[in-house]
Amino acid sequence: MSTTSTAPAASPASAAPARRRSRGGLRPGAAGPLFIAPFMVLFLLLFLAPLGYAAYLSLFEEKLIGGTSFVGLQNYVTAVQDPELREGVVRVATFFVIQVPVMLLLALLFALALDSGLLRLARVIRLGIFVPYAVPSVVATLMWGYLYGPDFGPFAQLSDKLGLPAPHFLTDSWMLGSLANIVTWEFVGYNMIILYAALRTIPSDLYEAAALDGAGAWRVAWSIKLPALRPALTLTVLFSVIGSFQLFNEPNLLMKIVPDVIDSSYTANLYAYTLAFTSQQINYAAAVSFLLGLVIVIISYAFLLTANRRRPA
């Protein structure tokens, strides 16, 4: 009588790790870092490394006699006391207070109108409002610079035919409003898309419940849509803070048209650019840029803190 010996069968618990190791020799959690590695490399090389190098440059000063010398935080102290930088920061802060509420109010009204379903050709209207955002800011500024022109612009020609004085869009007292109009024209559609997308995520059950309670369109907009838009509005305001304090393209181009109105320190970002590439004060420009970034961080954090405190639990 012959006997056969059989090897003990491997348990499923012990076979599973063997199968997992056999697929390229990688554990299940090892694939994640490989997927994010390209982003982390680019983030390090294109963002963190330039920031670190700029911070390093801001601690030095290049002198005619003695070459480059370490000055510590002296560039930052000088920047804080710089009247041109302070004027530029105050100017963009004023620009933010004037322009952003108008832009977001228009974006909100357009988003609510499109979401209401009462507009005909809603897709065409939505595309028409968004198209200015697809126009490069350089092209938009040149176009509006022509429209603002006091000699050959259409507004000036129309005023001349009507026997009225030409509007002074490019004068010192009107310039901030003219810039605000350009930026509003560019970014209303962008903010409208964010708000409209947020409106489309509201559950239809809320609308049905409101209809059963007899709520009208205005009541639905006030009690359902606006509360649901708070996170999206917070995001748009945050983006607007960053964009307003980085205002550069529009004043830089209009400066070529009206150099007696817009100078090299009209905005803080334009001032830092002029210091770096015109005056060749690289070290001081780096300190000015870091201070501007600090202002943006402080204002953004203060806004987020205020928005979170006002948000109902």
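For the structure, check the block above.
Every chain is numbered independently, its residues counted from 1 as its sequence is written. Since the coordinates come from a predicted model, pLDDT governs what is reported: local features require at least 70, and pairs of side-chain atoms require 80 or more to be given and counted, while whole-chain, interface and lining totals use all residues. Hydrogen atoms and water are omitted, and side-chain values are computed over all heavy atoms in the structure.

J.: What exactly am I supposed to notice about the packing of helix α8 (residues 175-200) against helix α11 (residues 230-245) here?
T.: When two helices pack together, their arrangement is given by the angle between the helix axes and by the axis-to-axis distance. Here an axis means a line fitted to C-alpha atoms, over the contact stretch when the element is a helix, while the angle between two N-to-C directions is reported on a 0 to 180 degree scale. What counts as a helix is a DSSP run of H or I of at least four residues, what counts as a strand is a run of E of at least two, and both are numbered from the N terminus. Two elements in contact, α8 and α11, have axes separated by 9 Å at closest approach and are oriented at 160 degrees. Relative to α11, the element α8 is oriented roughly antiparallel. Once α8 is placed against α11, the crossing between them reads as right-handed. Two secondary-structure elements touch here, α8 through Tyr 190, Asn 191, Ile 194, Leu 195 and Ala 198 and α11 through Ala 232, Leu 233, Leu 235, Thr 236 and Phe 239. Of the residues contributing to the contact of α8 with α11, the split by class is eight nonpolar, two polar and no charged. Orientation is classified from the angle alone, with under 35 degrees giving roughly parallel, over 145 giving roughly antiparallel, 65 to 115 giving roughly perpendicular, and any other angle giving oblique. Take the far helix as your reference; a near helix turned counterclockwise from it by less than a right angle gives a left-handed crossing, and one turned clockwise gives a right-handed crossing. Whether two residues are in contact is decided by their heavy atoms, any of which lying within 4.5 Å being enough. Residue classes follow a fixed rule: Ala, Val, Leu, Ile, Met, Phe, Trp, Tyr, Cys and Pro count as nonpolar, while Asp, Glu, Lys and Arg count as charged, and any other residue, Gly among them, counts as polar.

J.: Help me understand the side chain of Ser 58, please; the structure alone is not making it clear to me.
T.: Relative to the helices and strands, Ser 58 is located in the loop between α2 (31-57) and β1 (60-63). Here a polar contact is taken to be a pair of N or O atoms separated by no more than 3.5 Å, where protein atoms must pair a possible hydrogen donor with a possible acceptor and residues adjacent in sequence count only if both atoms sit in side chains. Side-chain polar atoms of Ser 58 contact the side chain of Tyr 76, separated by 2.7 Å. Not counting the four nearest positions on each side in its chain, Ser 58 is found in contact with Gly 72, Asn 75, Tyr 76, Asn 283, Ala 286 and Ala 287.

J.: Sorry, what's going on with the side chain of Asn 191 here?
T.: Structurally, the position occupied by Asn 191 is in helix α8. Once residues lying within four places of it in the same chain are set aside, the contact partners of Asn 191 are Met 103, Leu 104, Ala 107 and Thr 236.

J.: Teacher, can you tell me more about the packing of aromatic side chains here?
T.: What characterises a pair of aromatic rings is the spacing of the ring centres plus the angle enclosed by the ring planes. Aromatic contacts are taken between Phe, Tyr and Trp rings whose centres are within 6.5 Å, Trp giving its six-membered ring; a plane angle under 30 degrees counts as stacked, one over 60 as edge-to-face, and the others as tilted. For the structure shown, the criterion picks out 16 aromatic pairs. Ring centres of Tyr 148 and Phe 169 lie 5.1 Å apart, and the angle between their planes is 35 degrees; on these two criteria the pair is classed as tilted. Remark: Phe 169 occurs in the loop between α7 (154-161) and α8 and Tyr 148 occurs in helix α6 (residues 137-148); sequence separation between them is 21 residues. The residues Tyr 148 and Phe 169 share a single accessibility class, namely buried. Ring centres of Tyr 273 and Phe 277 lie 5.0 Å apart, and the angle between their planes is 40 degrees; this geometry places the pair in the tilted category. Buried, partly exposed and exposed residues are distinguished by accessible area as a fraction of the type maximum, computed with a 1.4 Å probe on protein chains only: under 20%, between the cut-offs, and over 50%, respectively.

Worth remembering: the numbers are spatial, not functional.
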